[in-house]
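These are the residues of each chain, in order.
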Amino acid sequence: MSGTESVAFDTPQRERRADTFAMWVFIGSEAMLFGAIFLVFLVAHIDFGPAFAAASKHLSLPLGTFNTAVLITSSFTMALAHMLAVHRRWRAAAWALAATSALGICFLIVKGIEYTKEISDGLAPLLGLPFRYTGPDPVHAEFFFGLYFTMTSLHALHLIGGIIVIAGMIALWPTSTPANRLRRVVALGLYWHFVDIVWVFMFPVLYLINR
Amino acid sequence: MSFGIPFFPQEASSEAGHVDALFYTLLAFSVTLGLALTGLVVGYAVKYRVGSPADRTGKRSRSLPLEMSWTVVSLVIAFVFFGWGATLFVRRDHPPADALEITGLGKQWMWEFRQPGGQREINELHVPVGKAVVVSLASQDVIHSFYVPAFRVKQDAVPGRTTRIWFIATEPGRYHLFCAQYCGTQHSEMGGWVTVMAPEQYAAWLNSQSEGETLAASGEKLFGALGCSGCHGASSKVRAPSLEGIFGRPVALDNQQTVIADERYLRDSILKPKKEIAAGYEPVMPSFDGLIDEGELQMLLAYLKSLSRLPKAGAKP
Amino acid sequence: MTNAAMPGTYLEEGSGPRAWLLTTDHKRVAWLYLISLTAFFFLGGAMAVLMRIELATPAGDLVSDDVYNRLFSLHGIIMVWFFLVPSIPATLGNFLLPLMIGARDLAFPRLNLVSWYVFIFGSLFALFAVVAGGVDTGWTFYTPLSTLYANGWVSTAAFGVFIVGFSTIMTGINFIVTVHMLRAPGLTWFRLPIFVWTLYATSLVMVLATPVLAASLILIVLERVFGIGIFNPDLGGDPLLFQHLFWFYSHPAVYIMILPGMGVVSEVLPCFSRRPLFGYKAVAMSSMAIAVFGFLVWGHHMFVSGQSAYAGVVFSFLSFCVAIPSAIKVFNWSLTLRKGEISFETPMLYALFFLALFTFGGLAGLFLASLAVDVHVHDTYFVIAHFHYIMVGGMVTAYMAGLHFWWPKLTGRMYSETSGRIAATVTFIGFNLTFFPQYVLGFDGMPRRYHTYPPEFQFWNVLSSAGAVVLAIGYLMPLFYLGWSLFRGARAPGNPWNATGLEWQTSSPPPPHNFETMPVVTRPAYDYDMKGLEHERFSPHQEEAAG
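Residues numbered from 1 in each chain as written. Chains lettered and ligands numbered in written order. Predicted model: local features only at pLDDT ≥ 70, side-chain atom pairs only at ≥ 80, totals over all residues. Heavy atoms only, no water.

**A short note on the overall build of chain B**
Then step 1. Within chain B, the secondary structure is distributed over seven helices and twelve strands.
Then step 2. In terms of overall dimensions, chain B is more spread out than a globule: its C-alpha atoms have a radius of gyration of 28 Å, far above the 20 Å expected for 317 residues.
Then step 3. Considering only C-alpha atoms, chain B reaches an extent of 100 × 50 × 40 Å along its principal axes.
Then step 4. Of the contacts formed within chain B by residues at least 6 apart in sequence, a portion of 63% connects residues at least 24 apart.
Then step 5. Considering chain B, the positive charge centre built from 30 side chains and the negative charge centre built from 30 side chains are found 9 Å apart. (Helix = DSSP H or I, 4+ residues; strand = E, 2+ residues; numbered from the N terminus. Rg over C-alpha atoms; globule rule 2.2 N^0.38 Å. Contact = heavy atoms within 4.5 Å. Lys, Arg positive; Asp, Glu negative; His and termini not counted. Charge placed at Lys NZ, Arg CZ, Asp CG, Glu CD.)

**Quick notes on the interface of chain A and chain C**
Then step 1. Taken residue by residue, the interface counts 33 residues in chain A and 37 residues in chain C.
Then step 2. Note on chain A versus chain C: buried area summed over both sides is about 3000 Å², and carbon and sulfur give 74% of it.
Then step 3. For the pair chain A and chain C, the number of links is two salt bridges.
Then step 4. Across the pair Arg104 of chain C and Asp10 of chain A runs a salt bridge whose closest N-O atoms are separated by 2.6 Å.
Then step 5. There are six residue pairs in polar contact (both at pLDDT 80 or more) connecting chain A and chain C.
Then step 6. Taken together, the elements giving at least two residues each to the side of chain A that touches chain C come down to helix H1 (12-47) and helix H5 (138-172) of chain A.
Then step 7. In terms of residue count, H1 of chain A provides more of the side of chain A that touches chain C than any other element does, 15 residues in total.
Then step 8. Class assignment for the residues of the side of chain A that touches chain C results in 21 nonpolar, six polar and six charged. (Buried area = accessible area lost by both parts, 1.4 Å probe. Salt bridge = Lys/Arg side-chain N within 4 Å of Asp/Glu carboxyl O. Polar contact = N/O pair within 3.5 Å; in protein donor to acceptor, adjacent residues only side chain to side chain. Nonpolar A, V, L, I, M, F, W, Y, C, P; charged D, E, K, R; others polar.)

**A word on the sheet that holds strand E6 (residues 144-148) of chain B**
All names here are of chain B.
Then step 1. Strand order in this open sheet of five strands is E4-E10-E9-E6-E7, and the pairing throughout is mixed. On the outer flanks of this sheet lie strand E4 (124-128) and strand E7 (153-157), each paired with one strand and no other. Each neighbouring strand pair of the sheet contributes to a mean axis angle of 20°, computed without reference to strand direction.
Then step 2. Pairing of strand E9 (residues 173-179) with strand E10 (residues 192-197) involves five bridges; the strand directions are antiparallel. Of the residues in E10, the one forming a bridge with Tyr175 is Val194.
Then step 3. Set on the sheet, helix H3 (residues 199-207) makes contact with E4 and E10; between it and E4 the angle comes to about 135°. (Pairing = 2+ DSSP bridges. Axes fitted to C-alpha atoms, helices over the stretch in contact; angles between N-to-C directions.)

**Things to note about the pairing of E6 of chain B**
Residue and element names in this part refer to chain B.
Then step 1. Buried residues dominate E6, accounting for five of its five residues.
Then step 2. Sheet topology note: the E6/E7 ladder contains five bridges and is antiparallel. Residue pairing across strands places Phe146 opposite Gln155, the latter belonging to E7.
Then step 3. Between E6 and the antiparallel strand that follows it, E7, lie four residues; Arg152 among them carries a positive phi value of about 60°. (Buried < 20%, exposed > 50% of the residue type's maximum accessible area, 1.4 Å probe, protein only.)

**Concerning unusual backbone geometry**
Backbone phi values are negative for most residues with the exception of glycine, while trans is the configuration of most peptide bonds.
Then step 1. Note that the residue after Gln108 of chain B, namely Trp109 of chain B, is joined by a cis bond; omega there is -5°.
Then step 2. By the secondary structure assignment, Trp109 of chain B is in the loop between strand E1 (100-107) and strand E2 (110-114).
Then step 3. Here the residue pair Ser508 of chain C and Pro509 of chain C is connected by a cis peptide bond, since its omega of -10° sits within 30 degrees of zero.

**What about the sheet that holds E1 of chain B?**
All names here are of chain B.
Then step 1. Strand order in this open sheet of five strands is E3-E2-E1-E5-E8, and the pairing throughout is mixed. Unpaired on one side and paired on the other, strand E3 (120-122) and strand E8 (163-168) mark the two borders of the sheet. Taking the axes of each pair of neighbouring strands and ignoring which way they run, one obtains an average angle of 25° across the sheet.
Then step 2. Summarising the sheet, E1 and strand E5 (residues 132-139) pair through seven bridges and their orientation is parallel. Of the residues in E5, the one forming a bridge with Ile102 is Val135.

**Some remarks on the confidence of the model for chain C**
Residues and elements named next belong to chain C.
Then step 1. Scored by pLDDT, chain C has a mean of 91; 96% of the residues are at 70 or more.
Then step 2. Ranking the elements of chain C by mean pLDDT puts helix H17 (residues 528-531) last with 73 and helix H14 (residues 381-411) first with 97.
Then step 3. For residues 1-5, every residue scores under 50 in pLDDT, and the model assigns this stretch ten contacts once sequence neighbours within four places are set aside.
Then step 4. Confidence drops under pLDDT 50 across residues 532-547; counting only partners more than four residues distant or on other chains, this segment forms 30 contacts.
Then step 5. Model confidence for the complex is summarised by a pTM of 0.88, with the ipTM given as 0.90. (pLDDT = per-residue confidence, 0-100.)

**Focus: the interface of chain C and chain B**
By a widely used convention, the size of an interface equals the accessible area lost when the partners come together.
Then step 1. Across the contact, 84 residues belong to chain C and 81 residues belong to chain B.
Then step 2. A combined buried area of about 7200 Å² lies between chain C and chain B, and 68% of that area is made up of carbon and sulfur atoms.
Then step 3. When the buried area of chain C at its contact with chain B is split by residue, Phe331, Lys339 and Phe443 of chain C rank highest and sum to 10% of it.
Then step 4. Here chain C is connected to chain B by two salt bridges.
Then step 5. The salt bridge involving Asp238 of chain C is made with Arg161 of chain B; its shortest N-O contact spans 3.1 Å.
Then step 6. Viewed at the interface, chain B and chain C are joined by 24 residue pairs in polar contact (both at pLDDT 80 or more).

**Re the packing of helix H12 (residues 346-369) of chain C against H14 of chain C**
Residues and elements named next belong to chain C.
Then step 1. Running from N to C, H12 and H14 point in directions that differ by 160°, and their axes come no closer than 8 Å. Considering their axes alone, H12 and H14 lie roughly antiparallel with respect to each other. The handedness of the crossing between H12 and H14 is left-handed.
Then step 2. Each residue belonging to the contact of H12 with H14 can be placed in one class, and the counts come to 20 nonpolar, nine polar and no charged. (Parallel < 35°, antiparallel > 145°, perpendicular 65-115°, else oblique. Left-handed = near helix turned anticlockwise from the far one by under 90°.)

**Regarding the side chain of Glu345 of chain C**
Then step 1. If you trace the backbone, Glu345 of chain C turns up in the loop between helix H11 (309-336) and H12.
Then step 2. A polar side-chain atom of Glu345 of chain C sits 2.7 Å from a polar atom in the side chain of Ser343 of chain C.

**Some points on a nonpolar patch on the surface**
Then step 1. Taken together, the side chains of Ile119, Leu127 and Leu129 of chain A together with Val225 and Phe226 of chain C define a hydrophobic patch exposed on the protein surface, amounting to about 410 Å² of accessible area.
Then step 2. Residue position: Phe226 of chain C is located in helix H8 (residues 194-226).
Then step 3. Take Phe226 of chain C: its relative accessible area is 32%, and that puts it in the partly exposed class. (Patch = residues over 30% accessible without salt bridge, like charges linked within 9 Å, V, L, I, M, F, W, Y side chains within 5 Å. Areas by Shrake-Rupley, 256 points an atom, 1.4 Å probe, with all protein chains shown as cover.)

**Observations regarding the packing of aromatic side chains**
Think of a pair of aromatic rings as described by two things: how far the centres are apart, and how the planes are tilted against each other in angle.
Then step 1. As enumerated under the stated definition, the model contains 94 aromatic pairs over all chains in all.
Then step 2. Each ring, one from Phe23 of chain B and one from Phe367 of chain C, has its centre 5.0 Å from the other, and the planes form 65°; the classification is edge-to-face. Pair noted here: Phe23 of chain B is in helix H1 (residues 16-47) and Phe367 of chain C is in helix H12, and the two residues belong to different chains. We note that Phe23 of chain B, like Phe367 of chain C, is buried.
Then step 3. With a centroid separation of 6.5 Å and 50° between ring planes, the pair formed by Trp70 of chain B and Phe278 of chain C is classed as tilted. Remark: Phe278 of chain C occurs in the loop between helix H9 (239-273) and helix H10 (280-293) and Trp70 of chain B occurs in helix H2 (residues 64-90); the pair is interchain, linking two chains.
Then step 4. According to the relative accessible area criterion, Phe278 of chain C is buried, its value standing at 4%. (Phe/Tyr/Trp six-rings, centres within 6.5 Å; stacked < 30°, edge-to-face > 60°.)

**Looking at the nonpolar core**
Then step 1. If you look at the biggest cluster of nonpolar residues, it comprises 340 residues, and the most contacted ones within it are Phe146 and Phe151 of chain B together with Trp81 of chain C.
Then step 2. Top contributing element to this core by residue count: H8 of chain C, with 21 residues.
Then step 3. Among all residues touching Phe151 of chain B, those that are not within four sequence positions of it are Ala12, Ser13, Ala16, Phe167, Ala169, Tyr175, Val194 and Val196 of chain B.
Then step 4. The next biggest cluster of nonpolar side chains, apart from the first, holds 27 residues, and it includes Met110, Cys228, Leu253 and Leu297 of chain B. (Core = buried A, V, L, I, M, F, W, Y, C linked by side-chain atoms within 4.5 Å.)

**Regarding the pattern of salt bridges**
Then step 1. Enumeration according to the criterion identifies 24 salt bridges over all chains in this entry.
Then step 2. Taking the shortest distance from any N to any O, the salt bridge between Glu114 of chain A and Lys111 of chain A comes out at 3.1 Å. Residue Glu114 of chain A and its partner Lys111 of chain A are located together in helix H4 (residues 90-120), separated by three residues, close to a single helical turn.
Then step 3. By relative accessible area, Glu114 of chain A is classed as buried at 1%.
Then step 4. The class for Lys111 of chain A is buried, based on a relative accessible area of 3%.
Then step 5. Of the charged contacts, one joins Glu101 of chain B and Arg164 of chain B as a salt bridge, the two residues approaching to 3.8 Å between their closest N and O atoms. In this pair, Glu101 of chain B sits in strand E1 while Arg164 of chain B sits in strand E8, placing the two residues 63 residues apart along the sequence.
Then step 6. Overall, the relative accessible area of 44% leaves Arg164 of chain B in the partly exposed class.
Then step 7. Salt bridges sharing partners connect three or more residues here, namely Glu5, Glu15, Asp19, Arg183 and Arg184 of chain A together with Arg110 of chain C.

Written out as structure tokens, the structure is:
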């Protein structure tokens, strides 16, 4: 057990490769989860194109675009944290991680603002709230909003999970070995980039239909 | 039916024989292959058991020609069966041109059929022999499935869409109709009979669909199928007023008033049960507004009225 | 357990609740799973016995409609998700995978322990639904019954299953990484035991299919709790969408359930024939083929659902294709016996019974894949017979084979061979008596999930119910003689069956980190023919001389 966290591995390098591989497998699993729901959306989009396009216009393009920029920047700070960790600049890396989670929280706040607006506009078909959509084909527009809330809240949950793990990592930073720190940053970086990529697909699919 | 033990189901439709031919061929193939493999394995187990004097020289533990052969043979057999089944299957989408059009509505927990002339049947379907029948299936609530084993036909009834099934009955008789997609509490009781009659008898039956008697009998079936007897029945665990002789009887309400149970009261009790609560009972009855239509309401009322006309006969709810 | 512990073994290393409930030793985690899964098996089994007693008579006189519907729903949920899916992987797999590849533990030991806690949390969450009043949607949760009409604790049960799904994914990731990265020197992929191949294939399916189940269940909960109408036609949704999502997971799930059993049988048959597995590469590759093809056939559960005939034809074709790799394995297993030295110890009996019952159930699958026949037998007892032949006749039998084969390795004890053989035979007889009549019932038209039935179906139902009693006895017996062996069984040597495989090169039970020195592999798997035909089989009377 020479410097490895798991008794199974002989060297930290091998353990890091295993962690990375495991994270890729997990990402494959998550791709199936988001893929399933994306597929549902795509099938519905094919069936109800015009209703979906009209409903999509009621989403806030400025806020969505801003959020996209925020998340892409957070992936940049995450990559920065990785690079700094490779160069063993641990303090700077911890700051980069903190910046990543701050940007993630910013995303969530903006998303919360969007949700609030949509609920007060009567566009949220949840919990029996009144649905006050004035465009054509309100039944299928309601379906669009149902999918919108499902997909974005699932994404947000994954983002929250990532933020919590970053917070935990930062808290354990002082007491963890360099090998563990590097290993965890690499694995978490993969996860964070994946969550970002999911948003990069979700944003055009939800906000940019027929604009 | 051999020795009273059911084994071979009856074939009563034009397609049944074709389906059975495929089934029995598959059965023969399976039995043959199963016996062959059993013989092989048992044979090896006996011949090569520990201590037996069998010749064990020349052992192999792989053989590419063998693997290829049994893979190819299996594929060929598989595709033959696939093709046969698929050919029969696609005929489901092509009913004969001059078919009788029947609509079937599935709902918890009953079937309601309408003949082309408007005659309604609950849990019963009368059809003429030798004539193609198309049943357009819809569901009012959850997914049900129209299944007549003797015809070898089955089709799910899905809410939000119409599905279709056709058959040509070839033998007069009465055949089970089952709901084959689990649909809730009384799924196993959601069945009935398909009655196949000679064309003249079918025409006569159509003409004889009279109102009075059939309404109350239909109402009795509805009473059971909609779950009314679940609370108002004698063996119910839920405390609900007895409906014996209800029509025309005074009913004490929980607001100290008394009303006569006339048609208006009975209608409101079914559609708006919370409007008037009988004294001493909890307001737990669900509303059937939107779940039954006017015609069915007529049947229920006829049935409830009949509970007064026959005070002693077995008209217990 | 402390009575039976042996010095220097993993059983001895630390005792008391903390040492077991906070263990990261894969062997102890395997025991945690084994105990929980056994409890769930008997709980689900009790529900089945109640159902069979009810079904001995046509009238619904034992329990009410609602109670019966809850019984069969919970029987399915418990048996599928809280027993069959984890069974071999989480017990035998957890215990044996590192041993079989020469590793000290799995790649992520703490993740392994977490997976058990997640399993317990999720299954208890769902069990709460049982106790609180039950779920009556069937284990398949079809919409809109489950979303809009079912009374009962649907969201709770669905959420419990959702949580257990994470346990499955964790196990899958752990196994995949372990097989890739922790094989001993010289252990190339094509020297791996087939049990490892099947665990690997199973893990791929676990990781890729379970998230789709998660999506399906989330969507149900969202519809019930938040009113979002994905499956509600009144809100623009489609009930059939649920079936596609659900079966996209649930068909691969049945391969999650059977592949490990195929792996076990591939270990037992060579050992007790003293022959290498016939067609090793074909068996390994067909395991992978089953895993891949298994993702392509989900629509064969939906031939009469309202999906297009064109889709039905495509799915039927692919379903026939997926039967081929399984057929290849059956042929290879059968030929393994040829020119061997065959003995009939308990594991071998179970393995041979597996061969018979799995083949029989698999052949019934051809009927179901065949479109025109499926129209008649879909949603009838024919389907129930088919999947019980595979899942119980196949998988549970294989599980028993594995449990008995590796019992000496897990516990360091031998069980009573006579009791084992009797129990195996009793289950074989009881199983066939229970489930063969159901093929006839299905062909005769008796639908499934029926609480009451027309009287003409009674004859076969009575036979089936009688069989269930015999089967229950057969399954209860091992509880007693295996339990007995923990305290009074003869001590087992390292390799009581004289089997190949790295797990047999260490003591029974193994030390905490499995091997004193890292093994190096130079020979193929199942090199029984190189070992010669010597038939040194451990006997309880030789406990001093052996090992």
